[in-house]
Amino acid sequence: IREILRFIRIHWVHLLILPVLVIPITAIHESAHCAAVLAQGGTVTEFSCWPWAGKWGFMHYEFPAGKSYSPFAISMAPYGLWIVVATITFVAGMIRKQFPPWFGSTLFIWGFIVPLADIANAAFPFLMKGSENDFQHALGTPTVPLWFATFAATAIFEYGDERGDRDV
């Protein structure tokens, strides 16, 4: 509880603006799906970053008949993007030069916590109840190796979270 209260005290401004930025974050997520479609020669037929019908956002696409493509790449594109963003943020946080507190806090929340939260928002419901989401579309039914991989990734990024929080 003390750690949560400390986190809120340090980052309270970001918690206030988070509800406003859910739409742009969702737009980035859905745009990553679209980029994967376009990169493979497909066409995006519908795009929404507005929460509706129990979804944060969605996009639909089509490919020309006979064109091969990777549904896995399309489903996992946002998570690859978020891993890159979180990794860059982690590396930036390791720089010996201290950031001003406002910038460090901003970098930590929007470059590390938010990307990992989006990944967790898909990974954990998928693992817990096999929810129909991007992970289910890419990986099928949850398996024991997926549980272990998720546990390992969570442990690795939790370590990064602890390291980043010390400097903010």
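Here's what I pulled together on the structure shown here. (Residues numbered from 1 in each chain as written. Predicted model: local features only at pLDDT ≥ 70, side-chain atom pairs only at ≥ 80, totals over all residues. Heavy atoms only, no water.)

**Quick word on the side chain of Asp-134**
Here is step 1: Tracing the backbone shows Asp-134 in helix 4 (residues 134-139).
Here is step 2: Its relative accessible area of 16% is what places Asp-134 among the buried residues.
Here is step 3: Apart from the residues lying within four places of it in its own chain, the contact partners of Asp-134 are His-29, His-33, Ser-75, Met-76 and Tyr-79. (Helix = DSSP H or I, 4+ residues; strand = E, 2+ residues; numbered from the N terminus. Buried < 20%, exposed > 50% of the residue type's maximum accessible area, 1.4 Å probe, protein only. Contact = heavy atoms within 4.5 Å.)

**Re the packing of aromatic side chains**
Here is step 1: Taken as a whole and assessed by the stated rule, the structure comprises 8 aromatic pairs.
Here is step 2: With a centroid separation of 5.7 Å and an interplanar angle of 80°, the aromatic rings of Tyr-61 and Phe-63 are classed as edge-to-face.
Here is step 3: By relative accessible area, Tyr-61 is classed as partly exposed at 28%.
Here is step 4: A centroid spacing of 3.8 Å and a plane angle of 5° characterise the contact between Phe-63 and Tyr-69, whose relative ring orientation is stacked.
Here is step 5: Phe-63 gets classed as buried once you look at its relative accessible area, which sits at 15%.
Here is step 6: On the accessibility criterion, Tyr-69 (35% relative accessible area) is partly exposed.
Here is step 7: Taken together, the aromatic side chains of Tyr-61, Phe-63 and Tyr-69 make up a single cluster linked through ring pairs. (Phe/Tyr/Trp six-rings, centres within 6.5 Å; stacked < 30°, edge-to-face > 60°.)

**Thoughts on the nonpolar core**
Here is step 1: With 19 residues, the main nonpolar core has Tyr-79, Ile-119 and Phe-135 as its most contacted residues.
Here is step 2: Of all the secondary-structure elements, those providing two or more residues to this core are helix 2 (71-93), helix 3 (101-129) and helix 4.
Here is step 3: Those residues within four positions of Ile-119 in sequence are excluded, and the remaining contacts are Tyr-79, Trp-82, Ile-83 and Phe-135.
Here is step 4: Ala-32, Cys-34, Ala-36 and Ile-74 belong to the second-largest nonpolar core, a separate cluster that totals 8 residues. (Core = buried A, V, L, I, M, F, W, Y, C linked by side-chain atoms within 4.5 Å.)

**Remarks on the environment of Gly-140**
Here is step 1: Mapping Gly-140 onto the fold places it in the loop between helix 4 and helix 5 (144-166).
Here is step 2: Taking C-alpha positions, Gly-140 is 20 Å from Glu-30, a pair spaced 110 residues apart along the chain.
Here is step 3: With residues up to four places along the chain from it excluded, the contact list for Gly-140 reads Phe-126 and Phe-135.

**Points about the packing of helix 2 against helix 3**
Here is step 1: Contact pair helix 2 / helix 3: the axes reach a minimum separation of 9 Å and the direction vectors enclose 145°. Two packed elements cross with a definite hand, and for helix 2 against helix 3 that hand is left-handed. The segment helix 2 lies against helix 3, with Tyr-79, Trp-82, Ile-83, Val-85, Ala-86, Thr-89, Phe-90 and Ala-92 engaging Leu-107, Gly-111, Phe-112, Pro-115, Leu-116, Asp-118, Ile-119 and Ala-122.
Here is step 2: Residues that form the contact of helix 2 with helix 3 fall into these classes: 13 nonpolar, 2 polar and 1 charged. (Axes fitted to C-alpha atoms, helices over the stretch in contact; angles between N-to-C directions. Left-handed = near helix turned anticlockwise from the far one by under 90°. Nonpolar A, V, L, I, M, F, W, Y, C, P; charged D, E, K, R; others polar.)

Structural measurements only, silent on function.
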